[in-house]
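Secondary and tertiary structure notes
Chain by chain, the residues run as shown.
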Amino acid sequence: MERTTWSWAHKAAIAVFAFVVACCCMLLSGCAENSEEAARNAVTSELDQIKNIDAAAIEEIAGGSAEFQALGAYGITANDAYEAIFSDFDYQIEGVKVDGDKATVSVKFTSKDLGQFQSALVAAAQQASTDGSLTGLSQSQMNEKIGQLVIDTIKALPTTETDVVDFEVEKKNGKWQLADDSGQVLQEAIFPSSLTSGY
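Residues numbered from 1 in each chain as written. Predicted model: local features only at pLDDT ≥ 70, side-chain atom pairs only at ≥ 80, totals over all residues. Heavy atoms only, no water.

1. Regarding the overall build of the protein chain
The cut-off we apply is this: Numbering of helices and strands runs from the N terminus, with a helix taken as a DSSP run of H or I at least four residues long and a strand as a DSSP run of E at least two residues long. Categorising residues by exposure relies on relative accessible area from a 1.4 Å probe, with only protein chains included: less than 20% of the type maximum marks a residue as buried, more than 50% marks it as exposed, and the intermediate range marks it as partly exposed. Here, two residues are considered to be in contact whenever any of their heavy atoms come within 4.5 Å of each other.
The helix and strand inventory of the protein chain stands at nine helices and five strands. Start at the N end of the protein chain and walk to the C end: the helices and strands fall as α-α-α-α-α-β-β-α-α-β-β-β-α-α. Sorting the 199 residues of the protein chain into buried and exposed places 43% on the buried side. Of all intrachain contacts in the protein chain linking residues separated by at least 6 positions in sequence, the fraction that spans at least 24 positions is 77%.

2. So, the pattern of salt bridges
Our working rule: Here, a salt bridge means any Lys or Arg side-chain nitrogen found within 4 Å of an Asp or Glu carboxyl oxygen.
This model, assessed by the stated rule, comprises three salt bridges. Measuring nitrogen to oxygen at the nearest pair gives 2.8 Å for the salt bridge that ties Lys51 to Asp90. Here the residue Lys51 occupies a position in helix α2 (residues 35-52), and Asp90 occupies one in strand β1 (residues 90-99), the gap between them amounting to 39 residues. The exposure class of Lys51 is partly exposed, given its relative accessible area of 35%. Glu161 is paired through a salt bridge with Lys108; the nearest N and O atoms lie 3.8 Å apart. Note that Glu161 is positioned in strand β3 (residues 159-161) and Lys108 in strand β2 (residues 102-112), a separation of 53 residues in sequence. For Lys108, a relative accessible area of 26% puts it in the partly exposed group.

3. As for a negative patch on the surface
Here is the rule we go by: Patch members must show over 30% relative accessible area and no salt bridge, and they are joined within 9 Å when carrying like charges or within 5 Å when they are nonpolar side chains of Val, Leu, Ile, Met, Phe, Trp or Tyr. Where accessible areas are quoted, they stem from the Shrake-Rupley method and a 1.4 Å probe; at the residue level, only the protein chains shown are allowed to cover. Note that His is not counted, nor are the chain ends; the positive residues are Lys and Arg, and the negative ones are Asp and Glu. The location of each charge is read from NZ of Lys, CZ of Arg, CG of Asp or CD of Glu.
Where like charges cluster on the molecular surface, the negative patch consists of Asp166, Glu168, Asp180, Asp181 and Glu188. Note that Glu168 resides in strand β4 (residues 165-172). Residue Glu168 is classed as partly exposed on the basis of its relative accessible area of 37%.

4. A closer look at the nonpolar core
How we decide: Put simply, a nonpolar core is a bunch of buried Ala, Val, Leu, Ile, Met, Phe, Trp, Tyr and Cys residues held in one set by side-chain atoms that sit within 4.5 Å of each other.
The biggest cluster of nonpolar side chains holds 48 residues, and the ones touching the most others in it are Val43, Val107, Phe109 and Phe167. When sequence neighbours within four positions are dropped, the list of residues in contact with Val43 reads Ile93, Val105, Val107, Phe167, Val169 and Leu178.

5. Description of the pairing of strand β5 (residues 175-178)
Quick note on the threshold: Strand pairing is defined by DSSP finding a minimum of two bridges between the two strands.
Residues Trp176 and Leu178 line the buried face of β5, whereas the alternating positions Lys175 and Gln177 sit on a face that is not buried. Between β4 and β5, which pair antiparallel and follow one another directly, the connecting turn spans two residues, one of which, Asn173, has a positive phi of 55°.

6. Structural notes on helix α6 (residues 117-130)
Quick reminder of the rule: Helix span, expected: 1.5 Å multiplied by one less than the number of residues in the helix. For this quantity, the arc is that covered by the directions from the helix axis to the C-beta atoms.
An ideal rise of 1.5 Å per residue puts 20 Å on 14 residues; α6 measures up with 20 Å between its terminal C-alpha atoms. All of the buried residues in α6 are Phe117, Leu121, Ala125, Ala128 and Ser129. Summarising the axial view, the buried residues of α6 lie within an arc of 95°, below the 170-degree limit, and thus occupy one face. Exposed and facing more than 90 degrees away from the buried side of α6 are Ser119 and Thr130. The positive-phi residue at the C-terminal boundary of α6 is Gly132, with phi of around 85°.

7. Thoughts on the packing of aromatic side chains
Rule in force here: Between rings of Phe, Tyr and Trp, where Trp is taken as its six-membered ring, a pair exists when centres lie within 6.5 Å; planes separated by under 30 degrees are stacked, by over 60 edge-to-face, and by other angles tilted.
Across all of its chains, the model carries five aromatic pairs by this definition. The interplanar angle of 80° and the centroid separation of 5.2 Å between the aromatic rings of Phe86 and Phe89 together place this pair among those described as edge-to-face. Across the pair, exposure class does not vary: Phe86 and Phe89 are buried alike. Taken together, the aromatic side chains of Tyr82, Phe86, Phe89, Phe109, Phe167 and Phe191 make up a single cluster linked through ring pairs.

Right, here's the structure in full:
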C-alpha cells in the first residue's frame, strides 16, 4: 500500500510541478524602457506578474495545457497548484550591470523550500497509507485524496532563500526585455532538478 500511495502521490506531484513550470515560462516574456532602471524594470515587471497573478489569469494563460488537464484527475485546480508553490514567493534585486544594449540583473528569491518536498511527501504518503484515511476509497476518490495530500505537503514546506541568480536583459527596438532563457533561469533557481527532470 505504501508503494502504491507513493506512486500515485508522485504522479500528482509531477502534474503540479509541470503545470507551474509551464505557467512561469509563459509569464516571463515581457518588456520595459531604458538604461539601468529600465533593465531592472524589465525583470521586476515580469516577476511581479508571477508574485501577484490571480486565478483567472492562471487559467487564461495555461488552462488549455496538457499540464492543466493532468491536474484535474487529482481534483487540483490551476489556482490550487500555483498558490501552493508561490504563496510565499518574493524577490530582491541585488544588482544591475548595464553594458550598452545588454544588461545583467541579479536577483535573490524567497520561496518554498522545494528541496524538502520529496521526503515530506513520502512521509505524508506513508502516514496516509497506515492511518486508514485511504481505506475503501474508489480510484477517483483516492486520486483526489492524493491530490490534496500533495497540495497540503507543499503548503507546509518552510521558505528558503536561493542563491543570487542572473537574468540577462537586452534592448530591442528601443525596449528592454528578458532573454528567452528567463523561464529556465527561474525554474533552476526555485525547482530542484529532481522535481523537473523530464519536463
